[in-house]
Amino acid sequence: MHEANKPLSVVVLAGIAASGTVLATAAVGAEVIEESLSTEHLELRLERIAEGLENPWAVTMLPDGRFLVTERPGRLALIDEDGSITHLEGVPEVSAQGQGGLLDVTLHPRYGDGEHDWLYFTWSKPGDGGTATALNRARLSDDALSDVETLFEQDRFSGPGRHYGSRLAWLPDETLLMSIGDRGTPERAQAADDHAGSVLRLAADGSAPDDNPFTDDDATLAEIYSLGNRNIQGMVVTEQGEVWATEHGPFGGDELNLIVAGENYGWPEVSQGRDYGTREPIGEDSLPGMQDPIHVFEAPFAPSGLAQVTSATFGEWQGDLLAGGLRGERLYRLRVDGEQVVDSEVVLDGQIGRIRGVHQGHDGAIYLVNDEAQGSLYRLRPVE
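Fair warning: this is a prediction, and the values are worked out from it, not measured in the lab.

A. Summary view of the overall build of the chain. From N to C terminus, the chain includes one helix and 25 strands. The C-alpha radius of gyration of the chain comes to 20 Å, within 12% of the 21 Å expected for a compact globule of 384 residues. Oriented by its inertia axes, the alpha-carbon framework of the chain measures out at about 50 × 45 × 40 Å. Relative to its 384 residues, the chain shows a buried fraction of 54%. The contacts in the chain between residues at least 6 apart in sequence include a share of 56% that link residues at least 24 apart. With an accessible surface of roughly 15200 Å², the chain has 43% of that area assigned to carbon and sulfur atoms. Charge centroids of the chain, computed over 27 positive and 65 negative side chains, lie 4 Å from each other.

The following block contains the structure:
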């Protein structure tokens, strides 16, 4: 499509991406949490945009500057720039038992052109035998979702109510990556005929692309992109097209992984974590034919939420990863060179509690949600 014929939102987003400019999108009356946070390279300002969210799980920014925030009990919040919240009708009935509920949300890469104005979300779907991680898409229509459809659900419903994953990330070819945890049964992550404990690659309509790594292997489900993943709750596709994921270990052993098509990441045969009860090691540190983590966090971190900094306003941070954590209540900046973390810095340390979601908006700022019964949406940006 010629630039002059593109919808305004697409043109604006393209201009922002090219310039890295932070637009004037300050929420009216946004509460300043930290006027100035000192980091190795930057002074940052931390603001609260909206509060009163129930266990928020993910945030994404709409082209018009509003936000969509999922709340795990099953509500999808539409948040205006002034912090006001509208809960959208049309969300399916989720199973909010344990770690289940309404999970990640993302926009189609061409959202704003009319044809592709789809938002995608993951959730724990109740059914015979327990629950399953599912993927839906819908359109945003006033104060409700419309044209809601289930595109994918994992191949079996089961208990217990934990380790659903489930992060979403778009590859450059507009196929969608979706993580699913091992559902609390570790051996499922090594089963090629089971979606649990894997990263999936799906077309925009939820089908399995013909060029997925295992489509010619009758013993492996066609949607599987990688295996042996315990519970990925942070995932991003970088500007370079690399797939990075943060993954929960058991007691310790939380990992940063470079996800490569067709590879096995070892769980539970390989792990640097320990059993919750006995504190004994689980599996081996490394095994042939299985991918080692790029980085293992030193202390139990419970990683959730991952973004790449691409905005020019963050200066020397460009290209770095920002990883949120639940148990650690920390936000880490990680600099990766090749397949090695060469610099690590704690950016937030308890200021907002359990960090569940991390998202760079098209305005260049970093947005975060915290996993609390009375949670909030925050913005982090350099002090001007």
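B. Local environment of the pairing of strand S23 (residues 355-360). By the criterion of burial, S23 is predominantly enclosed, with six of the six residues buried. Sheet topology note: the S23/strand S24 (residues 366-370) ladder contains five bridges and is antiparallel. Across the sheet, the residue bridging to Gly357 is Val369, located in S24. The antiparallel hairpin formed by S23 and S24 contains five residues in its connecting segment, where Gly364 sits at a positive phi of about 95°.

C. Region of the structure containing the sheet that holds strand S15 (residues 232-237). Spatial strand order, S15-S16-S17-S18: four strands in an open sheet with antiparallel pairing. Because the sheet does not close on itself, it has two edges, and the strands there are S15 and strand S18 (295-296).

D. Structural detail: the pattern of salt bridges. Applying the stated rule across the entire model yields 27 salt bridges. The closest approach of N and O atoms between Glu47 and Arg381, which form a salt bridge, is 3.4 Å. With Glu47 in strand S2 (residues 43-53) and Arg381 in strand S25 (residues 375-382), the pair connects residues that are 334 residues apart, well separated along the chain. Where salt bridges share partners, they join Glu40, Asp320, Arg333, Arg335, Asp343 and Glu345 into one cluster.

E. Geometry of the sheet that holds strand S10 (residues 144-153). Taking strand neighbours across the sheet as the criterion, the four strands line up as S7-S8-S9-S10 in an open arrangement whose pairing is antiparallel. At either end of the open sheet lies a strand with only one pairing partner, and these are strand S7 (102-107) and S10. Across the sheet, the mean angle from the axis of one strand to that of its neighbour is 30°, orientation sign disregarded. When strand S8 (residues 119-127) meets strand S9 (residues 130-141), the two strands line up antiparallel, connected through nine bridges. Paired with Trp123 across the two strands is Ala134, which belongs to S9.

F. Here's a closer look at unusual backbone geometry. Note the cis peptide between Gly159 and Pro160, where omega equals -5°. Within the secondary structure layout, Pro160 lies in the loop between S10 and strand S11 (168-170). Cis geometry marks the peptide bond from Trp267 to Pro268, where omega comes out at 0°. Within the fold, Pro268 resides in the loop between strand S17 (255-259) and S18. With a phi close to 45°, Asn55 is a non-glycine residue in the positive phi region. Note that Asn55 resides in the loop between S2 and strand S3 (56-61).

The rules behind the values
Positions within a chain are numbered from 1, following the residues in the order the chain's sequence is written. Thresholds applied to this predicted model are a pLDDT of at least 70 for local features of residues and 80 or more for the giving and counting of side-chain atom pairs; totals over whole chains, interfaces and linings are not thresholded and use all residues. Side-chain measures were taken over the full set of non-hydrogen atoms in the model, leaving aside hydrogen atoms and water. Secondary structure elements follow DSSP: runs of H or I of four or more residues count as helices, runs of E of two or more count as strands, with numbering from the N terminus. Note that the radius of gyration is over C-alpha atoms, with the globule rule given as 2.2 Å times the number of residues to the power 0.38. For every residue, the accessible area obtained with a 1.4 Å probe (protein chains only) is divided by the maximum for its type, and the residue is called buried under 20%, exposed over 50%, and partly exposed between those limits. Contacts were defined at the residue level, with two residues in contact if any of their heavy atoms lie within 4.5 Å. In these tables, accessible area is a Shrake-Rupley quantity obtained with a 1.4 Å probe, and a residue counts as shielded only by the protein chains included in the view. Positive charge is attributed to Lys and Arg, negative charge to Asp and Glu, and no charge count is given to His or to the chain ends. Here the site of a charge means atom NZ of a Lys, CZ of an Arg, CG of an Asp or CD of a Glu. At least two bridges found by DSSP between two strands are what make those strands a pair. Think of a salt bridge as a Lys or Arg side-chain nitrogen and an Asp or Glu carboxyl oxygen that are within 4 Å of each other. Lines fitted to the C-alpha atoms define the axes, with helices restricted to the stretch that makes contact. Angles between their N-to-C directions range from 0 to 180 degrees.

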